Every structure is written in C-alpha cells, then in structure tokens.
Amino acid sequence: MGSGVLKRGELVVPGDKVAVIEEFEPKYGFYEDLGVVRASIVGYPIFDMDKRIVYIEKTLSKNSIPRPGDDVYCIAYEVSDKIAFAHIIKVIGRPKVFQPPFTGVIHISRLKKAKVNSIREIVKLGDHLYASIISRRNNVYHLTISGPEFGVILARCPYCGLLLEKKDQNLVCSKCNIVEQRKISKYYGNFKIV
Amino acid sequence: MSEFTRRDGRKPDELRPIKMKVGVLDKADGSAYVEQGGTKVLVAVYGPREVHPRHLGLPESAIVRCRYHMAPFSTKERKSPTPTRREIELSKVIKEALASTIMLDLYPRTTIDIFVEVLQADGGTRCAGITAASLALAHAGIPMIDLVSACAVGKWNGRIIVDLTGEEDEECEADMPVALMPSLERVTLIQLNGRLTPDEFLEAFNLAVKACKYIGELQKATLRSYYEKIKEEVLYEQ
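Residues numbered from 1 in each chain as written. Chains lettered and ligands numbered in written order. Predicted model: local features only at pLDDT ≥ 70, side-chain atom pairs only at ≥ 80, totals over all residues. Heavy atoms only, no water.

1. Let's talk about the overall build of chain B
What chain B contains, in helices and strands, is four helices and eleven strands. Dimensions of chain B, computed from C-alpha atoms along their principal axes, come out at roughly 60 × 40 × 35 Å. Taking the contacts inside chain B whose residues are at least 6 apart along the sequence as the reference set, 67% of them involve residues at least 24 apart. With an accessible surface of roughly 11000 Å², chain B has 52% of that area assigned to carbon and sulfur atoms. Considering chain B, the positive charge centre built from 32 side chains and the negative charge centre built from 35 side chains are found 3 Å apart. (Helix = DSSP H or I, 4+ residues; strand = E, 2+ residues; numbered from the N terminus. Contact = heavy atoms within 4.5 Å. Areas by Shrake-Rupley, 256 points an atom, 1.4 Å probe, with all protein chains shown as cover. Lys, Arg positive; Asp, Glu negative; His and termini not counted. Charge placed at Lys NZ, Arg CZ, Asp CG, Glu CD.)

This is the structure we're talking about:
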C-alpha cells in the first residue's frame, strides 16, 4: 500500500490511539473517532510518512471475506441458461477455507465468447472453477471466467462420474468416450489450490 | 470503623484473580478463555461467514448471533443442557453488548457467530463471557472500535462490592453488571437487579468503571503477549 518512507510502530490492539486525524489518515485496520485515529484490529501499524497514512499490513488472523479482484476456487451448484451459481470455497493465496461457502454468480453477459447461447454450454453442475471476482454489486459476488487462466479446472463425466481428461479444447471421458464442451482453464487437471 | 471484608476475605473493591488466554481452539476463527475466581468461560468466534438461512442476512451490514450456554457440569447440581429462559436472555444481552463495538457495515450479508460456553459458574458468568468474547473477536481479526470489558457490582450487607461470587450473588440486595469500552470509555451494557439509591448507584457505577478499565488493561496485555510471541512469517497479508 505504502511506497514512501515507512515507519513501523508498536503492536496495537482495538481501541488504541495511534495519531490524530491531522497527522495520519486511517487505512486498513484503523478508523477515526472524534478526530482521533484508533486501531480496529491487532497488528503492527505502518506509518507512511510521505502519504501520511497509517495501516496494518499483516495480521495473524487468516480471517477474511472475498473481495473484488480476488481469484477464487469455486464449485458450480446451479446452472441455468443465463446464470450459474457457484460456491466460493477459497480465495487463492489466502489460507481461509469458507465454511459455509460464499455464493457467487456467473452471468452470461460476463462471458466474452460471442457464440454462447446458454451458460450450460460452458459450465455444468458440479464443475470446479477457477474464477475472478469482478464486483460485489448489490452485495452479490459477480464472477467471471473470461481469460485463458480462468474456467473449469476439474469436471466429471455426467454418466459414469469419472474425471474428464483434456484433449485439445474438449474434455473426454476415457470410459464412456463421450466428449464434453466447457470453457477450460489452462490449468485444467493440474490446478493447485494454495 | 472496622474494615469490611467479604466472605472470601476480599475488600469491597477487590476483584477475584483473573486469568486470560487467546487462541485456545484451533478450529475456530477466534477463541479465548477467561477465568475469574471460580468462573471459567470458553468462547469461540466464527465468521464473518455467509448467513444461513439467507433471509436473516442484512443488505447493509453483518449480523451477530450469540449462544450463551452453561455446561451441564458447570453448576453444583446437573444443569439440563437445554437452553433455559435465562440462557436465551443472556445470549441476547451479550450479543447487544458486543454488536455495538463491531464494525458490522464492513461485512454486509454475513454473520459473526459467537459461542459462549460456561465451564464452571461462580457468579459473573455474563461479564466473563463478554470479556472473553471480546478477546475472541479481536483474535479472529474482526474490526472493532474497542475491546469490551465487563464486571458486576452489587450491594451486599449494605455495602457496594465489586465482582460478586455465586454465593454473594444469591444473597445480595442489588446486582448490576456493567460492560464498558475501556479506551473510549463508553458503556455497552448496564443492567440492574434490585434497588439502589442514586448515591449508591453512582458509587457502584464508578466502582464498575474502575474494575472494567483494569480488566481492559489485562485484555490488552493478554493480546500483546500472545501476538508478540508470534513470528513475522506466519502473519497474513491483508
């Protein structure tokens, strides 16, 4: 967040006064109350002496909710013509696994591929997806799977339940020999959830 | 005037020995344990997480759900594990005492669940529950405007006393639990059972504020000592 001269302060706990509003503007982990800048979480404050802001860079808490811009691992649980719903299980790069999962939606208008009449052509029920959160409008997580890295990372055969294998731009079941269409991520089959 | 002492030998303004710990449960997002004399309370915090059933969620803020429960082995006689009228009321009281400090508007359509489990009851369980829940919320990394510390005051044998034991609680003429934000000096809970004159009320309130500030210092020291032991590498970037 900061780029200028940074000064690290002593550990603060919620309610601790760190400055007055004329000195520093509160950012992540701080708030202003009656002209006083106070901590709202536990952590080490970073004072940016150039931008005159104070924030907490790292915390012990692995607790965080998904935010726009985050890349997430999710599983589709309801798919219709125009919209697909997915359970957001984890934000990639952060340790917390959401239990219960958050709900995200993929709308057909968010797909850049022109010839998609139904979202069912590219995502099916139970598919594991790598998606990106584009907004939280109306307090709903809007997801997109546009881009080579995003899309289906794991899918099963609708008949036998075997994992589908990627062959060219299609997914094939080695047992039933059926070919399935998906918007496949470039990480299909070797995606590592970290 | 002879010095007034209580049944356990404490002075009227003396608290029972207090022990606090944070991070006692691995599975919870935040947890804390508080021992105040014979009262032992364990708290787990989960969230912010998606609300189920969904209709309970609020579009502009998170909701707080609290379950205060006394373990069947927490009292001298076995207590039925079914939530009693008192437990349901205390769940609401604790929830309201804490909700005013949490920055709920940061997490719309989510819930923060607080589970307060009384392991051993010897008076002041709601206050110990609030103190422990506040620590657990801080441990979970949930933004709060301040910690909350709580302590009960009461009138026993005509004198105002602080931090009543279970025995004193049963015999007292009045009992007043108070919860306070120690840094901002704002009251989040005040209840009064029994009767106090205006002067007695002021005396009791001032005693409660003093006790809450002392407990607040202990809470801060507990959080600091816990976090200072932790190495930089295990901290998470936000």
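Alright, that's what it looks like, and here's the rest.
2. A look at the interface of chain B and chain A
Each side of the interface is counted separately: chain B has 40 residues, and chain A has 37 residues. Our enumeration of links across chain B and chain A arrives at four salt bridges. The shortest N-O distance in the salt bridge between A:D33 and B:R186 comes to 2.8 Å. For the pair chain B and chain A, the interface holds nine residue pairs in polar contact (both at pLDDT 80 or more). Breaking the side of chain B that touches chain A down by element, the ones donating at least two residues are β3 (39–50), α2 (125–139), α4 (198–228) and β11 (236–237) of chain B. (Salt bridge = Lys/Arg side-chain N within 4 Å of Asp/Glu carboxyl O. Polar contact = N/O pair within 3.5 Å; in protein donor to acceptor, adjacent residues only side chain to side chain.)

3. Things to note about the packing of aromatic side chains
Here the structure, examined in full by the defined rule, presents twelve aromatic pairs over all chains. Summarising the aromatic geometry, the rings of B:Y226 and B:Y227 are spaced 5.5 Å apart at their centres and angled 75° between planes, so their arrangement reads as edge-to-face. What makes B:Y226 partly exposed here is its relative accessible area of 23%. Chaining the aromatic ring pairs together yields one cluster made of A:Y130, A:F150, A:Y187 and A:F191. The ring of A:Y44 has A:R8 lying over it, and the distance from NZ or CZ to the ring centre is 4.0 Å. Between the NZ or CZ atom of A:R52 and the centre of the ring of A:F24, over which it lies, the distance is 4.4 Å. (Phe/Tyr/Trp six-rings, centres within 6.5 Å; stacked < 30°, edge-to-face > 60°. Buried < 20%, exposed > 50% of the residue type's maximum accessible area, 1.4 Å probe, protein only. Lys NZ or Arg CZ within 6 Å of the ring centre and 35° of its normal.)

4. Side note on the side chain of A:D48
Residue and element names in this part refer to chain A. Following the sequence through the fold, D48 ends up in strand β6 (residues 45–48). No salt bridge is formed by the buried D48; the nearest opposite charge belongs to K51, separated by 4.8 Å. Within polar-contact distance, the side chain of D48 engages the backbone nitrogen of K51 at 3.1 Å.

5. Digging into the sheet that holds strand β5 (residues 36–39) of chain A
Residue and element names in this part refer to chain A. With antiparallel pairing, three strands are arranged side by side in an open sheet as β2-β5-β4. The outermost strands of the open sheet, each flanked by one partner alone, are β2 (17–20) and β4 (30–33). Pairs of neighbouring strands in the sheet enclose a mean axial angle of 30°, with direction left out of account. Where β2 lies against β5, three bridges are found, and the strand directions are antiparallel. The partner of A19 across the bridge, within β5, is V37. (Pairing = 2+ DSSP bridges. Axes fitted to C-alpha atoms, helices over the stretch in contact; angles between N-to-C directions.)

6. A few points about the pattern of salt bridges
All names here are of chain B. All told, the structure shown has 29 salt bridges over all chains when counted by the stated rule. One salt bridge connects E87 with K79, and the closest N-O pair in it is separated by 3.1 Å. There is no split in this pair, since E87 and K79 are both buried. Taking the shortest distance from any N to any O, the salt bridge between E200 and K155 comes out at 3.0 Å.

7. What to know about unusual backbone geometry
Of note, the amide linkage connecting A:Q99 to A:P100 takes the cis form, showing an omega dihedral of 0°. Of note, A:P100 is situated in strand β11 (residues 97–107). B:G47 connects to B:P48 through a cis peptide bond whose omega is 0°. Its location among the elements puts B:P48 in strand β3. In the Ramachandran plot, A:N177 falls in the positive-phi region, its phi being about 60° despite a non-glycine side chain. Tracing the backbone shows A:N177 in the loop between β16 (170–172) and β17 (179–180). A positive phi angle, close to 55°, is found at B:D163, a residue other than glycine. If you trace the backbone, B:D163 turns up in the loop between β7 (159–162) and α3 (166–171). By relative accessible area, B:D163 is classed as buried at 3%.

All quantities given are derived from atomic positions and should not be read as evidence of function.
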